[in-house]
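Spelled out, the chains give:
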Amino acid sequence: SDTATRAAALAKADLVTDMVFEFTELEGIVGGYYARESGEPEAVAGAIAEHYQPRGPSDAIPATPAGRVLALADKLDTLAGQFALGNRPTGDRDPLGLRRAALGVLRILLEAEQPLDLRATLAAAVAQQPVDGESDTPDALQAFFADRLRGLLADQGMGADVFDAVTALELADPLDIQHRCQAVRSFQGSAAAASLAAAHKRVRNILKKSGADTATVETPLFEADAERDLFDTMSRLAEQVTAFVSQGDYAAALEQLATLQAPVDQFFEDVMVMADDAAVRSNRLRLLTQLDALLRQVADFSHLNG
């Protein structure tokens, strides 16, 4: 942190030199040389030289940890300041290179495999600005990054439905989103995925119309074997799925969730959720609420195409 702090203090010093005035493309690069000639540690000079990276889609991200930290801080500060002032890209116009800056942030996080709560970091960047700014600035920045991340992952072969299924959980870490998308994309081709997607759509529609019920499921109110089988399977899986998700092993979590296919299909085959008996109906809605929460530990399957 001392290296990054010192590099941040000196990062823009070269902008007042005649060298950068004459050759603007040397900003940062020549700053690294000045820092070395001034006796700064190599780590500080290296971070200064790297902090504009990546300058474009073919440019590498900073190679050093301090360079990455400084590059992230610089780009996030630029984005927060310009968005607060209302200078936001419209259509094809982006004279300030804000799309490039956002893509740079995302590339650093994904390629360096660096976890980051982007939502909280954007809010902190906005709070640092010396202007009150537009009231929607944090939300607008979040949406702006979501669009850039959608495009970046699409270039990696992620379908729009996979991205929507993962981001429906309102996650804040781009690296975590990428890992979940990769796992869901691999899972998507299986029979279990298609079945669970159809069932989850049905569950979400029922809960949307009737309302989720988070009260405890009462097993004595079960009337059909399919209810008991689904409840028992969910109870058995819940701890395992939660453990795999907490470890970031989404492939293993999805492998466990795939075993829900048969009991879920049987439930909808044998059970009428909206039973005449109010207590039985409420209990079945509680069971579906638990099923929805279990499935959504990795992604919202209701967004997946068949």
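Just above, that's the structure.
The notes below deal with the structure included here. Bear in mind the structure is a predicted one, so any value in this text is a computation, not a measurement.

## Regarding the pattern of salt bridges
Scanning all chains against the criterion turns up 15 salt bridges. The salt bridge involving Lys-12 is made with Asp-74; its shortest N-O contact spans 3.2 Å. Of this pair, Lys-12 sits in the loop between helix H1 (2–10) and helix H2 (18–22) while Asp-74 sits in helix H5 (residues 65–84), placing them 62 residues apart in sequence. Looking at Asp-74, the relative accessible area reads 17%, which means it is buried. The structure contains a network of salt bridges with shared partners spanning Arg-204, Asp-292, Arg-296 and Asp-300.

## Quick notes on the packing of H5 against helix H6 (residues 98–111)
Following both chains from N to C, one finds H5 and H6 inclined at 145°, their axes separated by 9 Å at the closest point. Relative to H6, H5 is oriented so that their crossing is left-handed. Contacts between H5 and H6 involve Arg-68, Ala-71, Leu-72, Lys-75, Leu-76, Thr-78, Leu-79, Gln-82 and Phe-83 from the first element and Leu-98, Ala-101, Ala-102, Gly-104, Val-105, Ile-108 and Leu-109 from the second. A class-by-class count of the residues in the contact of H5 with H6 yields eleven nonpolar, three polar and two charged.

## Some details on helix H10 (residues 174–188)
Taking 1.5 Å per residue, 15 residues should reach 21 Å; H10 reaches 20 Å between its end C-alpha atoms and fits that length. Within H10, burial applies to Pro-174, Leu-175, Asp-176, Ile-177, Gln-178, Arg-180, Cys-181, Ala-183, Val-184 and Phe-187. Between the side-chain oxygen of the N-cap and the backbone nitrogen of Leu-175 there are 3.0 Å, and the N-cap of H10 in question is Asp-173.

Rules used in this analysis
- Residues numbered from 1 in each chain as written.
- Predicted model: local features only at pLDDT ≥ 70, side-chain atom pairs only at ≥ 80, totals over all residues.
- Heavy atoms only, no water.
- Salt bridge = Lys/Arg side-chain N within 4 Å of Asp/Glu carboxyl O.
- Helix = DSSP H or I, 4+ residues; strand = E, 2+ residues; numbered from the N terminus.
- Buried < 20%, exposed > 50% of the residue type's maximum accessible area, 1.4 Å probe, protein only.
- Axes fitted to C-alpha atoms, helices over the stretch in contact; angles between N-to-C directions.
- Left-handed = near helix turned anticlockwise from the far one by under 90°.
- Contact = heavy atoms within 4.5 Å.
- Nonpolar A, V, L, I, M, F, W, Y, C, P; charged D, E, K, R; others polar.
- Expected span 1.5 Å × (residues − 1).
- Polar contact = N/O pair within 3.5 Å; in protein donor to acceptor, adjacent residues only side chain to side chain.

Coordinates in, geometry out; function isn't part of it.
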